[in-house]
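Below, each chain spelled out in residue letters.
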Amino acid sequence: MRELSLNVLDIVQNSISAKATVIEIELLEHIEKDLLEINIFDNGKGMTEEQVKSVIDPFFTTRTTRKVGLGIPLFKMAAEMSGGWLDIKSEVGKGTRVYTSYGYSNVDRMPVGDMNGTVSMLIRMNPDIDFVYTHSINEKSYVLDTRELREQLDDVPLDTPDVIEWIEEYLKENDAELTT
Ligand SMILES: Nc1ncnc2c1ncn2[C@@H]1O[C@H](COP(=O)(O)OP(=O)(O)OP(=O)(O)O)[C@@H](O)[C@H]1O
Ligand SMILES: [Mg+2]
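Residues numbered from 1 in each chain as written. Chains lettered and ligands numbered in written order. Predicted model: local features only at pLDDT ≥ 70, side-chain atom pairs only at ≥ 80, totals over all residues.

Draft legend 1. Examining the site of ligand 1 more closely. With respect to spatial proximity, 15 residues lie near ligand 1, and among them Asn 14, Ala 18, Gly 69, Gly 71 and Ile 72 are the closest. Secondary structure elements with two or more residues in the shell around ligand 1: helix H1 (4-17) and helix H3 (71-81). Sort the elements by how many residues they give to the shell around ligand 1 and H1 lands first, with three residues. Residues belonging to the shell around ligand 1 are distributed by class as follows: five nonpolar, seven polar and three charged. (Near = placed C-beta within 6 Å. Helix = DSSP H or I, 4+ residues; strand = E, 2+ residues; numbered from the N terminus. Nonpolar A, V, L, I, M, F, W, Y, C, P; charged D, E, K, R; others polar.)

The following block contains the structure:
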């Protein structure tokens, strides 16, 4: 995978499969600390400690009855390649928190890619799920919270073209703000 935003898409797919109704995505660029963090939190069905261990290291488990998924191992590899790490905290019935860190300037750190495109696509494809997207660069940050957006919109669905266009514009403008 060439871009971290594609890994995010994959990891969020897990949250959707786990029946999450609220999914949070954090893109935290601590450039001054040479650190990048990407976190994905959900309120889906969660996993046991055993399950978490086996999804992080699928080849470690001796049982081979289950198809080996690669979403999480690939995300972990992307983080570790750049001198970072992946960690998962999960609780059955409560949800899952996937944390990753990267060496920001590490030559093997994959580019973030089109995170705004990923966020707007996720909203468009899953209009009944709420997404909370936080993007920070050093001390500055902004949040897109579809729960707040929904309140403003009354009963207009989030996948309405005008709404998606507004979301894309909001992300673009706020990103520009972060770098000024
Ligand atoms: N957020 C989550 N909530 C609940 N279970 C999860 C979550 N993320 C992963 N899992 C469990 O871990 C397994 C492995 O996830 P992973 O993304 O590595 O592979 P996969 O989704 O099975 O297959 P692939 O992503 O390669 O299509 C999932 O099948 C699921 O059972
Ligand atoms: Mg997956």
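Draft legend 2. Looking closely at the packing of helix H4 (residues 115-125) against helix H6 (residues 161-178). Across the interface, H4 lies against H6 with an axial gap of 10 Å and an inter-helix angle of 155°. The orientation of H4 relative to H6 falls into the category roughly antiparallel. The handedness of the crossing between H4 and H6 comes out as right-handed. Residues Asn 116, Val 119, Ser 120, Ile 123 and Arg 124 of H4 touch H6, and the partners they reach there are Ile 164, Ile 167, Glu 168, Leu 171, Lys 172 and Asp 175. Looking at the contact of H4 with H6 residue by residue, the classes come out as five nonpolar, two polar and four charged. (Axes fitted to C-alpha atoms, helices over the stretch in contact; angles between N-to-C directions. Parallel < 35°, antiparallel > 145°, perpendicular 65-115°, else oblique. Left-handed = near helix turned anticlockwise from the far one by under 90°. Contact = placed C-beta atoms within 7 Å.)

These results come straight from atomic positions and should not be treated as a statement about function.
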